[in-house]
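Architecture and fold: a report
This is what each chain is made of:
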Amino acid sequence: MLNFAPTEEQEEVRRLARSLALDELRPRAREAEKRGDIPPELARTLAQTGLTTPFPEAFGGSGPIEAMTFALVAEELGFGDSGLATNIIGSMMGPLAALLAGDEGQQERYIAPFCADDGFNERGSFAFAERSGGYTLDEVRATARATGDGYALNGTKRDVIHGSRSTPRVVLARLEGTGGSEGLCALIVPAIFEGLHISDDAQKLGLIAAPSASYRLEHVIVPGEEMLGQPGSSGVIRAATLYQILRAGVACGAARAALEYAMAYAKERIAFGRPIVSYQGIAFMISEMAMKLDAARLLLWRAAASWDRQAEPETLALEAEAAQRQAVKLAKSATIDTVQIMGGAGFMQDHPAEMWMRNAAAMD
């Protein structure tokens, strides 16, 4: 039977992430939303802790990635603010994809800049979801067709965090004529390329603190050396499923933040002479949120454990997608319930609940 109890080292990392979430992320969430990006000084603080450089020490990083550890970190960052957490995770996924799927030359070229003294200014991106689908491997429809010494990319991508300004800009596609995970591939696409149309996402409902863009790829010729690994390789699958796991962690953190805020408000709000938490209608909503959070977190930890022990790609894909689906679904329902519990106050910007609800809705 799997034991999900965190190790002493993981607990220390989680405590550090929780401290940063409460002391740095949550107090600056509104500022980041108005700015439309993470404040540079906050990015520098996070980089100094090593949480945003989970790369081998040979490149100057803080150590290789472990999905279970960073699932815990992602939840704590999401607990602080899901917009900023998405900003951070979205940037990390570009170099992480190079680490997991690329060769030594690609790793040196795309990871080392993130570990430099000014590496907090660097941004990566990982283009996963498409206009016609969500964040599952089966819904990847963008195609890569071999053309002599390169590949021709065609398709669309949406909600690419840091998609406008990022290096590496990793695009998830499928080798033409293949299905399932067999032909899944990751290619690095430069910003200026004939046939690549990038549109900044404007007037977003949520996750405004995580700048994003949409792509339209029309016969974009990418050199063969910009392919990370081989189509269908385990590294590509692991990169894609890691992104799903980390997104699930952020969503669990957002749900937990909503749960704790709703509980605190319900204990303080007096109606008809007693706290509203004493009414069954409110108590049942809060209890259900807590129950579903435990269930979603269990799916998340199971997927992270499978990732760490390098489970079969099919098993890993199923578990990561299940964790992500349930966590995002919970984040949306929990934040909506929190706003309902708070009544009219839930829509006021004096409280973070309305921002959390918008962020959760934008995670789909």
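Below: a short report on this structure. Given the structure is predicted, the values throughout are model-derived calculations rather than measurements.

**Thoughts on a negative patch on the surface**
On the surface, Glu8, Glu9, Glu12, Glu66 and Asp308 cluster together into a patch of negative charge. Looking at where Glu66 falls in the secondary structure, it is placed in the loop between helix H3 (40-49) and helix H4 (67-80). On the basis of relative accessibility, which here comes to 42%, the residue Glu66 falls in the partly exposed class.

**Quick word on helix H5 (residues 82-101)**
Side chains that are three or four residues apart share a direction in an α-helix, a result of its 3.6 residues per turn. In a regular helix each residue adds 1.5 Å, so 20 residues correspond to 28 Å; H5 covers 27 Å between its end C-alpha atoms and thus fits that length. Where H5 bends most, the angle comes to about 35°, and this point is Gly94, followed within four residues by the proline Pro95. Counting buried positions along H5 yields 19 of 20 residues, so the element is predominantly enclosed. With a side-chain oxygen lying 3.3 Å from the backbone nitrogen of Gly83, the N-terminal cap of H5 falls on Asp81.

**Considerations on unusual backbone geometry**
Here the amide bond leading from Thr167 into Pro168 is cis, since omega sits at 5°, within 30 degrees of zero. The phi dihedral of Asp159 is positive, around 50°, even though this residue is not glycine. Residue placement: Asp159 occurs in strand E3 (residues 150-161).

**Points about the pattern of salt bridges**
One pass over the full model with this rule turns up 20 salt bridges. Across the salt bridge formed by Asp294 and Arg297, the nearest N and O atoms sit 3.3 Å from each other. With a gap of 3 residues between them, Asp294 and Arg297 both fall in helix H8 (residues 280-308), about one helical turn apart. You can call Arg297 buried: its relative accessible area is 14%. One salt bridge in this structure joins Glu319 and Arg302, with 3.9 Å as the shortest N-O distance.

**Here we look at the packing of H5 against helix H6 (residues 104-115)**
Orientation of H5 relative to H6, taken along the N-to-C sense of each, is 150°, at an axis distance of 8 Å. Relative to H6, the element H5 is oriented roughly antiparallel. Remark: the crossing between H5 and H6 carries left-handed chirality. Taking contact as the criterion, the partners of Ser91, Pro95, Ala98 and Leu99 in H5 are, on H6, Gln106, Gln107, Tyr110, Ile111 and Phe114.

**A few points about the packing of H4 against H8**
Where H4 meets H8, the axes come as close as 8 Å, and the angle between the chain directions of the two elements is 145°. Only Arg297, Leu300, Trp301, Ala304, Ala305, Trp307 and Asp308 of H8 make contact with H4, whose side of the interface consists of Ala67, Met68, Ala71, Leu72 and Glu75. When the residues that make up the contact of H4 with H8 are grouped by side-chain class, the tally is 9 nonpolar, no polar and 3 charged.

**Some thoughts on the pairing of strand E4 (residues 169-175)**
The element E4 is largely enclosed, with a buried count of 6 among its 7 residues. Two elements, strand E1 (residues 125-127) and E4, share 3 bridges in a ladder whose sense is parallel. Within the sheet, the bridge partner assigned to Phe126 lies in E4 and is Val170. Two elements, E4 and strand E5 (residues 184-188), share 5 bridges in a ladder whose sense is antiparallel. Within E5, the position partnered with Ala173 by the bridge is Cys185.

**Looking at the environment of Arg274**
Residue placement: Arg274 occurs in strand E10 (residues 274-275). Here Arg274 falls in the partly exposed class, since its relative accessible area comes to 38%. Once residues within four sequence positions are removed from consideration, Arg274 is found in contact with Arg269 and Tyr279.

**Describing the side chain of Asp81**
Following the sequence through the fold, Asp81 ends up in the loop between H4 and H5. Buried and unpaired, Asp81 has Arg26 as its nearest opposite-charge partner, separated by 7.3 Å. There is a polar contact of 3.3 Å between the side chain of Asp81 and the backbone nitrogen of Gly83. Among all residues touching Asp81, those that are not within four sequence positions of it are Leu25, Ala29, Met355, Trp356 and Asn359.

**Re the packing of aromatic side chains**
Evaluated as defined, the whole model comprises 6 aromatic pairs. A centroid spacing of 5.6 Å and a plane angle of 85° characterise the contact between Tyr261 and Trp356, whose relative ring orientation is edge-to-face. On the criterion of sequence distance, the pair formed by Tyr261 in helix H7 (residues 234-268) and Trp356 in helix H10 (residues 353-361) is long-range, its members being 95 residues apart. Relative accessible area serves as the criterion here: at 24%, Tyr261 is assigned to the partly exposed category. One aromatic cluster in this structure is built from Phe126, Phe128, Tyr135 and Tyr243. Looking at Arg256, its charged tip hangs above the ring of Phe79, at a distance of 4.0 Å from the centre.

Conventions we followed
- Residues numbered from 1 in each chain as written.
- Predicted model: local features only at pLDDT ≥ 70, side-chain atom pairs only at ≥ 80, totals over all residues.
- Heavy atoms only, no water.
- Patch = residues over 30% accessible without salt bridge, like charges linked within 9 Å, V, L, I, M, F, W, Y side chains within 5 Å.
- Areas by Shrake-Rupley, 256 points an atom, 1.4 Å probe, with all protein chains shown as cover.
- Salt bridge = Lys/Arg side-chain N within 4 Å of Asp/Glu carboxyl O.
- Lys, Arg positive; Asp, Glu negative; His and termini not counted.
- Charge placed at Lys NZ, Arg CZ, Asp CG, Glu CD.
- Helix = DSSP H or I, 4+ residues; strand = E, 2+ residues; numbered from the N terminus.
- Buried < 20%, exposed > 50% of the residue type's maximum accessible area, 1.4 Å probe, protein only.
- Expected span 1.5 Å × (residues − 1).
- Bend = angle between axes of the 7 residues up to and from the residue.
- Polar contact = N/O pair within 3.5 Å; in protein donor to acceptor, adjacent residues only side chain to side chain.
- Axes fitted to C-alpha atoms, helices over the stretch in contact; angles between N-to-C directions.
- Parallel < 35°, antiparallel > 145°, perpendicular 65-115°, else oblique.
- Left-handed = near helix turned anticlockwise from the far one by under 90°.
- Contact = heavy atoms within 4.5 Å.
- Nonpolar A, V, L, I, M, F, W, Y, C, P; charged D, E, K, R; others polar.
- Pairing = 2+ DSSP bridges.
- Phe/Tyr/Trp six-rings, centres within 6.5 Å; stacked < 30°, edge-to-face > 60°.
- Lys NZ or Arg CZ within 6 Å of the ring centre and 35° of its normal.

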